[in-house]
Each structure stands twice: as C-alpha cells, then as structure tokens.
Amino acid sequence: MKKLLLSICIIALATVTYSQSFTWIDSSPVNYNLNPYYTNFAVELDESNNRVYSIYLEAGNEIYSSHVFGDLIMESRDLNGTLVWSKPLGNKVNVPMIETDGTGAIYIAGSFMDTLVFSPGNTLINTGSGFNLNYFIAKFDATGNFLWSRNLSASINNIFSIEDIESDHNGNIWYAICTLTNKRFAYITRIDAMGNDLQSRTIEGAVTVGAISFDPFGGLYVSGDAGMGTFIVEADTFAAPFAYNIYLARYGSDGQPKWAEFGNTVTVIKPRVIADNQGNAFLTGNRYVALSFGNVQLGPSPWISHYFLFKTDSMADFKWASPPSPAPNLPLGEFNVGQTWYTGIDDNGNVYMMGSQRGTIDYGNGFILNTSSPANRMISILKVNSNGQTDWVKLAGNDLFNVSQSLTSSSTGDCYFTSYVNDSAFFDNFFVQSGSAMNYIVGKISSTTTGIEDHNSFDDLSLIGNPSSGILQLPEQLLGSELRVYSMTGSLFYTESELKSTRLELSDVGEGVYVVQCINGNALFSEKWVNTGR
C-alpha cells in the first residue's frame with residue numbers, strides 16, 4: 001500500500017538542523033530482500049510541464065551482473081507529490097535512466113531479458129534467451145501512453161551497455177552506449193522523434209560513459225572511465241596515463257573535440273558530469289586515492305571511499321574541488337554517491353549531490369555530521385555553492401540500512417530524489433512506517449527557507465544518564481515542554497502535554513532504543529534514549 005505521508009513527528013537524525021526541509025515523501029514496499037545495491041530507482045523532473053517522473057522496482061525476478069531485473073512501476077507526479085498516473089513495465093527489466101525533451105515526451109533506457117512488456121500489445125522481443133541482455137530505448141507521452149520502443153541490441157553489433165540518455169539545448173535526445181570487441185568504443189548518438197539515429201560521435205578507449213551533458217551553447221561534456229593508453233576522441237588522440245583513469249572530454253558547439261583531461265583512480269567508478277548555464281562543468285564520483293585535475297587536488301579518501309566534485313570552465317581551467325581536507329582526528333567515515341543519477345544543478349551554478357553516509361563526514365564549511373555507528377548508512381543530500389562551499393547537508397533514513405538512488409533539481413534549487421530504506425525511516429517531520437524489509441522512497445526538498453534553524457535553542461542539551469534502566473532523566477531547561485517518546489518504528493509510547501518533572505519512571509517501556517522529543521514553541525529537542533531494561 002502506498003500513500004503520501006503527512007507530518008507525524010519531528011525527529012532529529014543529526015546534532016545540527018538546517019534551513020531546508022523535506023516538503024513531501026511518498027513510499028511503496030518492494031518485493032525484493034537481497035542486495036539493495038543491485039537496485040536502480042530513477043527520477044527526472046520535467047520543469048516545463050511541472051511533472052516529476054520516477055521508476056522503481058516493484059518485485060525482483062532475476063539477479064544478473066550486479067543488477068536486479070524485475071517488474072517495475074513508472075510514475076508521474078505533480079510538484080506537490082500527488083500521483084497523476086502510474087504504469088507497469090515487466091517482467092525482467094532494469095531502467096536506471098529517464099529523460100524528457102521539454103515537449104512532455106518521456107524517454108527511458110535500460111536493459112531486459114526475455115520479452116519486455118510496456119502495455120498490452122506493445123512488447124520488445126529479446127534477440128536471445130535465458131540471461132541474454134538486450135538494451136533498449138522507449139518513448140511515452142506525458143500521460144504515460146506508449147509511443148515506440150527500439151531494441152538497440154538488434155541493430156548495433158557488440159553493444160555492451162547503454163550508459164546515458166540526455167537532451168541537448170534544443171531538446172534533441174542523445175543516447176550513449178559502449179561496445180566491446182578487441183577495442184573499447186563509446187558512441188554518443190542523436191535520434192529523431194521516432195528513435196532513428198541521425199548523427200553519432202565516437203570515443204575510442206572509453207571503458208564507460210558515466211554521463212553526457214550539454215551546455216546552453218551546444219557544447220558537450222562526456223565523463224567516464226578509461227584504461228591506460230591511447231584515447232581517441234573523433235580524430236584527436238590523447239594519452240590516458242594511469243592504469244585506471246577518470247576522463248572528462250569536451251566537444252565544442254561545432255561538434256569537434258576540444259580537450260580531454262584525466263585523473264587517477266583504482267577501479268571503474270562511472271563518474272558523472274553536469275553542465276551549468278554558463279558553460280562550466282562539474283565532475284563528480286567516488287574517490288579512493290588522491291585525485292587531481294589541472295592544478296586542483298583532493299587528498300585520498302579518509303577511510304574507504306569519499307565523494308569528489310571538481311569545477312572547470314569550457315577551456316579545461318579547473319577552479320576548485322570539494323570537499324576540503326577533513327578536520328584532524330575525526331572518527332572514520334565514508335560517503336558513496338547515489339546508485340544512478342545523483343547530481344543536480346540550478347540556474348545559479350549551485351550543485352546538489354546525493355549519496356549514502358556512514359560514520360563521520362566533514363563536508364567543509366563547518367558541516368561535520370555522523371551516523372549512530374560506522375556500520376549505519378544514512379541518506380545524505382547536500383548543496384555546494386558555485387564557489388565550492390557547502391551550504392547545507394541533510395541526513396535521513398533510519399539506524400538500519402539506507403541506499404541513496406537518484407536526484408534531480410529544478411532551476412531554483414528544489415531537489416527531487418529516490419532512495420531505498422530498510423524498514424521504517426524518518427525524513428525530518430515525515431515518518432515512513434512500514435512492515436516491509438525494503439521500501440522505495442521518492443520525495444522533495446524545497447529550496448525555500450523554512451525556519452527550522454530556530455529549533456537550535458535546544459541544541460546544547462542532552463539526556464542525563466543515557467543509557468539507563470527504565471529511568472528517563474531530562475535537563476531542567478525542558479520543563480514545560482510537550483514530551484513525546486517514540487519507538488524506532490514510530491509508535492508513540494508516552495506523552496505529556498506539559499513536562500512537570502525531569503525524572504520519569506517509564507515502567508511500561510521495554511528494553512530498546514527510543515526517540516525522546518520535546519517541543520516548546522519553535523524549539524525542538526530530540527535525542528535517542530537507550531533503555532537497558534530492568
């Protein structure tokens with residue numbers, strides 16, 4: 001059962017609260033209980049038509065090559081989160097990509113086994129059987145009606161993957177694929193309104209295409225992975241110097257290659273690139289070792305992996321990188337970028353990123369956040385301004401396991417995202433209550449300041465004697481506040497409209513972890529209490 005969640009309670013998941021908040025959250029259970037990193041929940045904003053499109057896994061039917069293939073649901077919502085329509089796709093399909101062209105048309109791309117069913121009478125037949133993967137593109141109108149589909153595997157020899165699908169500054173649709181023979185090739189191809197190829201650009205030596213992104217002037221940025229050796233963009237030859245390379249290449253508005261730059265990594269990471277409306281590009285992904293582009297360098301990951309964000313202009317003059325070096329002597333922590341498309345940008349050149357955090361992360365500009373333990377992964381969404389400074393960070397989810405999936409943003413900085421959560425979860429004042437082991441989440445963070453920063457008057461307070469055995473002790477500054485005690489699944493165990501004592505004996509509360517909340521006007525206190533039992 002799915003529902004648009006209304007405000008239930010406010011739970012602080014970190015020691016700092018921020019001015020941006022979740023505007024709405026929608027959820028749905030998923031019939032799949034294996035590795036959540038095999039899932040792909042895509043999201044895309046059609047700002048011209050005020051629609052948010054998303055695709056999620058309803059039921060997993062097959063696992064192959066680190067992906068789960070199954071029955072999917074494609075949905076359309078208005079900007080307030082109200083469901084406009086939904087349609088199934090089945091039955092062994094994986095769709096990590098959605099794109100729109102500004103006219104209301106919707107394009108999806110991915111891979112499938114067996115026969116792909118879009119609607120009764122509209123199918124794609126696989127060129128093989130069993131675990132044979134085929135790659136496809138399909139088009140729908142704004143009301144979800146199927147228009148056409150194309151099996152790329154039936155017409156492109158040696159296709160190895162479909163990597164991205166994007167619209168250019170004129171609303172034309174381009175797709176990126178990789179092929180594998182005795183050499184690696186990437187092809188970036190423009191199609192017409194019926195899906196026919198019109199023109200193509202070629203990169204030899206590309207192992208992956210992490211993303212393609214067009215600037216408003218017709219320039220094209222391409223990011224991805226490459227091995228050591230010759231890297232050829234059309235007829236221009238470059239040297240990829242490392243055993244594993246992150247590459248960023250640019251085509252001019254004339255369609256000719258202009259430059260290619262390379263950074264060091266230790267594995268294939270599929271870095272993303274996104275262009276702003278000034279023609280700059282932002283390169284993002286996970287890093288493990290020290291990474292530099294031009295004269296800008298980031299140190300190695302403090303623990304296992306960490307995100308990187310580089311800004312360059314159209315002449316390959318790299319301006320800055322984020323995050324800065326962490327403060328000394330911090331506990332361990334890591335950040336993994338989202339599963340699919342995890343980066344957005346607004347008209348002011350501010351970048352929005354999504355990933356999964358565990359442990360302690362220093363995002364820079366005073367934002368040091370931690371999860372309850374290094375084993376606990378939480379959803380993290382952050383804003384980095386055009387000068388490379390972190391403006392805000394949001395943590396959400398639960399104390400179990402959360403996987404960030406996809407993010408897109410509007411021209412004004414509203415963020416729409418998808419994620420996976422294990423069991424119930426909190427998103428500011430929204431609570432996802434579920435008996436399902438896996439849940440699909442789609443939601444919005446507004447760019448509008450909400451005044452949540454006013455809650456900071458209780459930030460320096462803590463529970464006394466925590467953990468404790470059935471005795472809840474609160475600081476005297478909370479007297480007179482409204483008290484609520486919740487379980488981690490959102491059940492309200494105890495409440496007082498006006499707190500009259502700082503020492504409470506809660507004999508009916510069993511052993512476990514609870515959330516203690518006190519509200520006094522605009523001030524909020526929220527902390528986890530560990531009851532060790534009697």
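The structure under discussion appears in the preceding block.
We now turn to the structure provided with this report.

What counts and how
Residues numbered from 1 in each chain as written. Predicted model: local features only at pLDDT ≥ 70, side-chain atom pairs only at ≥ 80, totals over all residues. Heavy atoms only, no water. Core = buried A, V, L, I, M, F, W, Y, C linked by side-chain atoms within 4.5 Å. Buried < 20%, exposed > 50% of the residue type's maximum accessible area, 1.4 Å probe, protein only. Helix = DSSP H or I, 4+ residues; strand = E, 2+ residues; numbered from the N terminus. Lys, Arg positive; Asp, Glu negative; His and termini not counted. Salt bridge = Lys/Arg side-chain N within 4 Å of Asp/Glu carboxyl O. Polar contact = N/O pair within 3.5 Å; in protein donor to acceptor, adjacent residues only side chain to side chain. Contact = heavy atoms within 4.5 Å. Pairing = 2+ DSSP bridges. Axes fitted to C-alpha atoms, helices over the stretch in contact; angles between N-to-C directions. Phe/Tyr/Trp six-rings, centres within 6.5 Å; stacked < 30°, edge-to-face > 60°.

F22, F310, Y363, I381, F417 and F427 are the most contacted members of the largest nonpolar core, which has 57 residues in total. V30, F41, M74 and Y440 belong to the second-largest nonpolar core, a separate cluster that totals 37 residues.

With respect to the helices and strands, the residue D346 is situated in the loop between β27 (343-345) and β28 (351-362). Lacking a salt bridge, the buried D346 has K383 as its closest oppositely charged neighbour, with an N-O distance of 5.1 Å. Of the polar contacts made by the side chain of D346, one reaches the backbone nitrogen of N348; its length is 2.9 Å. When sequence neighbours within four positions are dropped, the list of residues in contact with D346 reads Y352, S409, S410, S411, T412 and G413.

Spatial strand order, β39-β38-β41-β42: four strands in an open sheet with antiparallel pairing. Only two strands of the sheet have a single neighbouring strand rather than two, namely β39 (492-496) and β42 (523-531). Here the strands of the sheet are splayed against their neighbours by 15 degrees on average, with no regard to which way each runs. Note: strand β38 (residues 482-487) against strand β41 (residues 512-520), six bridges, orientation antiparallel.

Now for the packing of aromatic side chains. For any pair of aromatic rings, geometry is given as the distance between the ring centres together with the angle between the planes. Taken as a whole, this structure holds 32 aromatic pairs when the rule is applied. Look at F22 and F417: their rings are 5.7 Å apart centre to centre, the planes differ by 65 degrees, and that puts the pair in the edge-to-face class. With a gap of 395 residues between them, F22 in strand β2 (residues 22-29) and F417 in strand β33 (residues 415-421) connect regions that are remote in the sequence. Both residues of the pair, F22 and F417, belong to the buried class. Measuring from ring centre to ring centre gives 5.8 Å for Y514 and W529, while their planes differ by 40 degrees; the resulting arrangement is tilted.

Our focus in this paragraph is the pairing of strand β18 (residues 236-251). Sheet topology places strand β17 (residues 220-233) next to β18; 13 bridges connect them, and they run antiparallel. From the neighbouring strand, T230 faces β18, where its bridge partner is A239. In this structure, the hairpin formed by β17 and β18 is closed by a connection of two residues, where E234 is found at a positive phi of approximately 55 degrees. As defined by bridge partners, β18 adjoins strand β19 (residues 257-265) across eight bridges and the pair is classed as antiparallel. In the sheet register, Y251 faces β19, and the bridge partner there is P257.

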